Amino acid sequence: MRKYFSIVLVLVSLNMFAQIKQRSSVLDNGNRLSTEQNQMNSNKDDKGFDDKKSVAKDSVAPIADYKIISFQNDTISVDTTLSLKKYYAMNYLRKDEFGLLPFANEGQTYNVLNYGGRKNNVLPSMGFTAKQFNYLQVEDINYYSAPTPYTDLFYRSVSKQGQILDAFVTLNTSENLNFFVGYKGMRSLGKYINQLSSTGNFKLGSSYISDNKRYFLRTHLVVQDIMNQENGGITDLANFESSEAPYDKRDQLNVYFRDVETMLKGKRLFVNHQYQLNSSKSNGILLTHEFIYEDKFFNYSQPAANAGGIVGEPLRFGDYFKSEIDNKTRYFQLNNKVGAAYQSELLGRFEFFTEFLKYNYSYRSIAIIDDKLIPNRLEKNITLVGGKYTYHKNQWKGTLLVSNSLGDDDTSNIEADLRYHWNSQVQIDFGFQKLNKNPDLNYQLYQSDYVNYNWYNEFNNEKITQFTASATTPWLNISAKYEIINDKIYFSNTATALNAEGMPKQLFIKPTQYDGTINYLSVQANKDLHIGKWGFDNTILYQKVDQSSNVLNVPEIVLRSTLYYTDAFFDKALKFQTGVTVNYFSSYYGNDYNPLIGDFYVQDQRKIGNYPVIDYFINLKVRTARIYLKAEHFNSSMTGYNFYSAPNYPYRDFMIRFGLVWNFFT
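Residues numbered from 1 in each chain as written. Predicted model: local features only at pLDDT ≥ 70, side-chain atom pairs only at ≥ 80, totals over all residues. Heavy atoms only, no water.

Could you clarify how one ought to interpret the overall build of the chain in this entry?
The helix and strand inventory of the chain stands at six helices and 37 strands. The C-alpha atoms of the chain give a radius of gyration of 26 Å, which matches the 26 Å a tight globule of 666 residues would have. The principal-axis extents of the C-alpha atoms in the chain amount to approximately 75 × 60 × 50 Å. In the chain, 67% of the contacts between residues at least 6 apart in sequence involve partners at least 24 apart. When the 71 basic and 67 acidic side-chain charges of the chain are each reduced to a single mean position, those positions are 6 Å apart. (Helix = DSSP H or I, 4+ residues; strand = E, 2+ residues; numbered from the N terminus. Rg over C-alpha atoms; globule rule 2.2 N^0.38 Å. Contact = heavy atoms within 4.5 Å. Lys, Arg positive; Asp, Glu negative; His and termini not counted. Charge placed at Lys NZ, Arg CZ, Asp CG, Glu CD.)

Structure below.
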């Protein structure tokens, strides 16, 4: 990954040098942004003070011309304001983490509090989902249009011995052709034994549209690695909850493993393009093509399986075939999607497609355990045929997608979305999905040097029906989701022996299919109140699950409240924001994490939650630099050491964070 980081640093350095040299001579041109353009660039979700006039001075060209285009073709302008929205995204993932519960060290996994926040995938994935929160998927890559080179630099401090640095630059060589390159690197030692995290995400991409608007291309290449030392959690919860010396020093707490390391590594090439056969602007006939090549692996290594753990108790993962554990799961996929479309200004866009997916999920050899054959690979070709209709006119935008597999896969998907813009401040959305999908591959097949972690299953397809609705208004932002789940597949622990603290002595995790129906409901509301220079932002999530067994466990209430004050000094050259944020979720049987399978499993022995996390922050903005200072979880020693991210994984202690985001426009 160092070579990718070097490439980005060279490009960013050259860009910054050019910008510093040219800044004084072009600043007057940057002030040309009109009041009308400023109004167009305002963000209805922005929770900071109104500094739209100062945004005009941030960039050389009008700020509205620096565009970010998502995979779904939603377009926004680059935002250099100082706001709560930006503050909430000042973290390892660089997005709002509401509904996600991070583990103690950066670069580790997250426990999911908001079950309704995830997206249902039509085709089966590799699995190992706990390792992939920072793994950039196809839909996570944005595309850009910039009248001048645009640079984004991000820095944030970590728990111990390391930092997060994200460097990104994009430029248009012409009005129609854009290139971008970026690298995010992170290293953090952590405060507990065997907790080092080291990750890297390199991305390189381009977008192009021909002069006659008939040919369109988007492509990217990503190379990623996510390495974690895994300690399996602490062994003595009482020592942590007392936090008396010497256990107030977290590296004095015993953990299950001192030599385990996991690695998720992958690379992907993505190409999406289309060509219009005729020259009509109002009625176009198009050919479309999307291509994905992805190759990745997950590796669990442990030099000594009989080391660590608790003296006098059995080994955490049970018996093994050999003491040096080295489990490597390989995955390869090739996806081709070809189609034809008719696009009309009057009728909308009609598209028909055929999608071919080939995957290979494999291990080095077959295994025979208790006279049961465990194959070494899952290899399959899946063909989907379908159609999509899109209508976008005036205040209305709607899509309808229908696809179905050929052969015996029985995969099908129906999606419908409808959006209505009442005006610039009011938007209403409705959604529906009915999905029948194959299970993720790690549920079907897994091989390990541990005896109890070998399986080969043929599960029924999971069936999901969901309804969504949301409204964005000046008075309240509210959304709701209702989901019906049948044949849900999950991981559970088959070992039943418990220790004195009521926790399992061993973990024999197996995939299980629930033969009942699960009904899930969530309602989320947000409101930001302003009185003068004071603001009070509140987000609350309510969840309810109807099920006969504890399969889908979620907290009933998740809450975030921020009281803040904003001002500007030195003729508004310095923007200032300070406040206090309280995060809370009600107690529930939170899923536990198992590093051997890189995933979470369902448990009902110990509840987590019902503790507040209070942060104090100061945010500053000088020109295009935003500076963040945060006292994170400063109440940790006041409200008791009963805070956990998973049943035996403590949440973060009090620490001081420093962060910086600096944008440059040449």
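Please explain unusual backbone geometry as it appears in this structure.
Residue Pro246 is bonded to the preceding Ala245 through a cis peptide linkage, with omega at 5°. Residue position: Pro246 is located in the loop between helix H5 (237-242) and strand E11 (260-276). At Asn73, a residue that is not glycine, the phi angle is positive and equals roughly 70°. If you trace the backbone, Asn73 turns up in the loop between strand E1 (67-69) and strand E2 (75-77). With a phi angle near 55°, His633 is a residue other than glycine that sits in the positive phi range. Tracing the backbone through its elements, the reader meets His633 in the loop between strand E34 (625-632) and strand E35 (644-646).

Help me out: how do you make sense of the sheet that holds E1 in this one?
Adjacent strands of a sheet form backbone hydrogen bonds with each other and so pair up, either parallel or antiparallel. The sheet built from three strands is open, its strands ordered E2-E1-E5 with antiparallel pairing. Each edge of the open sheet is held by one strand with a lone partner, namely E2 and strand E5 (143-145). Averaged over all pairs of adjacent strands, the angle between their axes in this sheet comes to 25°, without regard to strand direction. Pairing between E1 and E5: three bridges, direction antiparallel. The residue bridging Ile69 from the neighbouring strand is Tyr143, located in E5. (Pairing = 2+ DSSP bridges. Axes fitted to C-alpha atoms, helices over the stretch in contact; angles between N-to-C directions.)

Hey, could you run me through the side chain of Thr411 in this one?
Inspection of the secondary structure assignment puts Thr411 in the loop between strand E18 (396-406) and strand E19 (412-421). Thr411 gets classed as buried once you look at its relative accessible area, which sits at 1%. Excluding residues within four positions of it along the chain, Thr411 makes contact with Val122, Leu384, Ser403, Asn404, Ser405, Asn436, Lys437, Asn438 and Asn461. (Buried < 20%, exposed > 50% of the residue type's maximum accessible area, 1.4 Å probe, protein only.)

How should the nonpolar core be read in this particular structure?
As a rule of thumb, soluble globular proteins bury nonpolar side chains together. Among the nonpolar cores identified, the biggest contains 52 residues, and Tyr300, Phe317, Tyr361, Tyr446, Tyr450 and Tyr453 are the most heavily contacted of them. Those residues within four positions of Tyr453 in sequence are excluded, and the remaining contacts are Phe317, Tyr446, Gln447, Ser448, Leu507, Phe508, Ile509, Lys510, Asn594, Leu596 and Ile597. Within the second largest apolar cluster, 22 residues are counted, among which are Leu101, Val558, Phe585 and Ile608. (Core = buried A, V, L, I, M, F, W, Y, C linked by side-chain atoms within 4.5 Å.)

Would you take a moment to explain the pairing of strand E24 (residues 477-486) for this structure?
Each regular strand carries side chains that alternate between the two faces of the sheet. As judged from the 10 bridges shared by strand E23 (residues 462-472) and E24, these two strands associate in the antiparallel manner. For Lys463, the partnering residue across the bridge sits in E24 and is Asn486. Turn length for the E23-E24 hairpin, with the two strands adjacent in sequence and antiparallel, is four residues. The sheet contact formed by E24 and strand E27 (residues 517-531) spans 10 bridges and is antiparallel. Considered in E27, the bridge of Ser479 is made with Gln524.

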